[in-house]
Amino acid sequence: MNNILNADLHCHSVVSDGTLTPEDLAARAKANGVELWALTDHDEVGGQARALAAAKAQGMRYLTGVEISVTFIGQTVHIVGLGFDVENEALLQGLRDTRGGRKQRAMEMSDGLAKAGIPGAYEGALPYVGNPELISRTHFARFLVESGVCKDTNEVFRKYLTEGKPGYVPHRWATLKDAVTWITQAGGMAVIAHPARYKFTPNEEYALFTEFKAHGGLGVEVVTGSHSAAEYVTYAHTAKEFGLAASRGSDFHSPDESHTELGTLPLLSSELTPVWQLLSNRIQ
Ligand code: AMP
Ligand code: MN
Ligand code: MN
Ligand code: MN
């Protein structure tokens, strides 16, 4: 398998903050020509068996996937895991712990929004939540759009759900070391998700990549729905500089919200080593 492969190794289902089922995502990926697929729900592998079965039914190859929330130098960083054993107990326990504080955080977010004149946001967000352990800012955003407070989810994040805004509650997620170790010891590959999204200084970003590698991380997303064309070039360079394999994924969440469709991004540059080359024995 080479870089020409249409691989989409990052998306979300109703098991976390997407709006489609694993089966509907698989059908959509297939319709867009995806040949190798991974479902990467936030902090949760509950959709993996369904995603694998759906991929097989559609005639696609499959890698197990997850996107773990990590706190690094005061910011939230996402680490994608690919090709791990979904029954690995240390990984499952780590994900359970990572999910743990979400309900409390959501209630505090709701209190903050109430003080800003938006009462009942927790109860309002609940009908959008597919998995009660995985209530996220995205579900609040959908509620605030549907109830007419904002015109789209982008506006909700900008006005209410990002640092310094009334519905923002800081949260301590997993450590970088733990997330990379859980994935790696479960036989998978850890990948830095959408690196251009973080607001690190150059020194902090260097520390992220250096520590990630030291803990056993092997990949970085280069072509993702969160990057511009210029950022594909920047992070292709970073991948080579740090000797990391490159990944490609849409980060698709919903037909109504996502600007990037499954399987439609540019292919990886042929100068990069694709993650699937190193994961060939983990592909199902
Ligand atoms: P949480 O894990 O609860 O902090 O929610 C994070 C999720 O919110 C991400 O995975 C994205 O799906 C979504 N998100 C973050 N920032 C934005 C944004 N500016 N616009 C829309 N969705 C966003
Ligand atoms: Mn999300
Ligand atoms: Mn992410
Ligand atoms: Mn994601």
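As a starting point, this report considers the structure included with it. In this text the structure is predicted, and so the values were computed from the model without any measurement.

1. What to know about the site of ligand 1
Phase 1 of the analysis: Around ligand 1 lies a shell formed by D17, H42, R102, R105, S136, R137, T138, N154, F157 and H253.
Phase 2 of the analysis: A molecule is said to occupy a pocket when more than half its atoms come within 2 Å of that pocket's grid points, and by this definition ligand 1 occupies the largest pocket.
Phase 3 of the analysis: If you list the elements that add at least two residues to the shell around ligand 1, you get α4 (102-115), α6 (137-146) and α7 (153-161).
Phase 4 of the analysis: The residue makeup of the shell around ligand 1, split by class, is 1 nonpolar, 5 polar and 4 charged.
Phase 5 of the analysis: Looking at the shell around ligand 1, you find at least three residues from each of domain 1 (7-98 + 172-282) and domain 2 (102-161).

2. Thoughts on the packing of aromatic side chains
Phase 1 of the analysis: Counted according to the given criterion, the structure contains 5 aromatic pairs.
Phase 2 of the analysis: The interplanar angle of 55 degrees and the centroid separation of 6.0 Å between the aromatic rings of Y198 and F200 together place this pair among those described as tilted.
Phase 3 of the analysis: The exposure class of F200 is buried, given its relative accessible area of 13%.
Phase 4 of the analysis: Aromatic rings pair up to connect F72, Y198 and F200 into one cluster.

3. Here's the deal with the sheet that holds strand β4 (residues 65-72)
Phase 1 of the analysis: With mixed pairing, 5 strands are arranged side by side in an open sheet as β4-β5-β6-β7-β8. The outermost strands of the open sheet, each flanked by one partner alone, are β4 and β8 (245-249). Strand-to-strand twist in this sheet, taken as the mean axis angle between neighbours without regard to direction, amounts to 40 degrees.
Phase 2 of the analysis: As judged from the 8 bridges shared by β4 and strand β5 (residues 75-82), these two strands associate in the antiparallel manner. Opposite F72, over in β5, you have Q75 as the bridge partner.

Parameters at a glance
Position numbers for residues start from 1 in each chain and track the written sequence from start to end. Here the convention is simple: chains get letters from A, ligands get numbers from 1, in the order in which they are written. Since the coordinates come from a predicted model, pLDDT governs what is reported: local features require at least 70, and pairs of side-chain atoms require 80 or more to be given and counted, while whole-chain, interface and lining totals use all residues. Derived side-chain values reflect all non-hydrogen atoms in the structure, with water molecules and hydrogen atoms excluded from consideration. Distances are taken per atom, and a residue is near a molecule or strand as soon as one of its heavy atoms is within 4 Å of it. In this analysis the probe radius is 1.4 Å and the grid spacing 1 Å, with only protein atoms considered; a cavity is a set of points the probe fits into but cannot get out of, a pocket is an open set with protein on both sides within 12 Å along at least five of seven lines, and lining residues have an atom within 4 Å of a point. Grid points define the cavity or pocket, and a molecule sits in it when more than half of its atoms lie within 2 Å of them. A run of DSSP states H or I qualifies as a helix once it reaches four residues; a run of E qualifies as a strand once it reaches two. Both are numbered from the N-terminal end. Ten residues, namely Ala, Val, Leu, Ile, Met, Phe, Trp, Tyr, Cys and Pro, are considered nonpolar, four, namely Asp, Glu, Lys and Arg, are considered charged, and the remaining ones, Gly among them, are considered polar. Reported domain spans reflect what an automatic or database domain assignment gives. Stacked, tilted and edge-to-face are the three classes assigned to paired rings of Phe, Tyr and Trp, where Trp is represented by its six-membered ring and a pair needs centres within 6.5 Å; plane angles under 30 degrees give stacked, over 60 edge-to-face, the rest tilted. Burial classification: accessible surface area is computed with a 1.4 Å probe over protein chains only, and a residue below 20% of its type maximum counts as buried, one above 50% as exposed, and the rest as partly exposed. Pairs of strands are assigned from DSSP output, requiring at least two bridges between the strands. Here an axis means a line fitted to C-alpha atoms, over the contact stretch when the element is a helix, while the angle between two N-to-C directions is reported on a 0 to 180 degree scale.

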